[in-house]
Amino acid sequence: GLVVWRSRLVSLASMTAAAVALPVAIVQLIYLDGSWTTVGVTALFVALILISHLENIRRMKSGSEPKI
């Protein structure tokens, strides 16, 4: 919510959440007896999310990404 509030870009918030998810999964693995499966699946989803947002990234770089 903070990313949307500050940037007014929903796609940026989605990518930020994805980028935070992987370190959280790794912390769970190390400190909370998590599983490598969780880390692997999270990494896969992060990659898919970032790939699906490539056009949004291009528009953000050019300044033409629509804001809410």
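Above this text sits the structure in question.
Summary of the structure given here. Just so we're clear, the structure is a prediction, and the values are computed from it rather than from any experiment.

Some words on the overall build of the chain
(1) Moving on: Of the regular secondary structure elements, the chain holds 4 helices and 0 strands.
(2) Moving on: The order of helices and strands in the chain, counted from the N terminus, is α-α-α-α.
(3) Moving on: Computed over C-alpha atoms, the radius of gyration of the chain comes to 14 Å, more than 25% over the 11 Å expected from 2.2 N^0.38 for 68 residues, which places it beyond the range of a compact globule.
(4) Moving on: Principal-axis analysis of the C-alpha atoms gives the chain an extent of 45 × 25 × 15 Å.
(5) Moving on: Out of the 68 residues in the chain, the part that is buried amounts to 22%.
(6) Moving on: Taking all contacts inside the chain whose residues are at least 6 apart in sequence as the whole, residues at least 24 apart take part in 52%.

A word on the pattern of salt bridges
(1) Moving on: Under the defined criterion, the tally for this structure stands at 2 salt bridges.
(2) Moving on: Residues Arg-58 and Glu-55 are paired through a salt bridge, measuring 3.4 Å at the closest nitrogen-oxygen approach. Residue Arg-58 and its partner Glu-55 are both found in helix α4 (residues 54-62); the two are separated by 3 residues, about one turn of the helix.
(3) Moving on: Its relative accessible area of 42% is what places Glu-55 among the partly exposed residues.
(4) Moving on: For the salt bridge of Glu-65 with Arg-59, the shortest nitrogen-to-oxygen distance reads 2.7 Å.
(5) Moving on: Judged by its relative accessible area of 27%, Arg-59 is partly exposed.

Some words on helix α2 (residues 10-31)
(1) Moving on: Relative to the 32 Å expected for 22 residues at 1.5 Å per residue, α2 spans 31 Å between its end C-alpha atoms, a close match to the ideal helical length.
(2) Moving on: Those residues of α2 that sit buried are Ser-11, Ala-13, Met-15, Ala-18, Ala-25 and Leu-29.
(3) Moving on: Against α1 (2-7), α3 (36-52) and α4 lie the buried residues of α2.

Cut-off values and rules
- Residues numbered from 1 in each chain as written.
- Predicted model: local features only at pLDDT ≥ 70, side-chain atom pairs only at ≥ 80, totals over all residues.
- Heavy atoms only, no water.
- Helix = DSSP H or I, 4+ residues; strand = E, 2+ residues; numbered from the N terminus.
- Rg over C-alpha atoms; globule rule 2.2 N^0.38 Å.
- Buried < 20%, exposed > 50% of the residue type's maximum accessible area, 1.4 Å probe, protein only.
- Contact = heavy atoms within 4.5 Å.
- Salt bridge = Lys/Arg side-chain N within 4 Å of Asp/Glu carboxyl O.
- Expected span 1.5 Å × (residues − 1).

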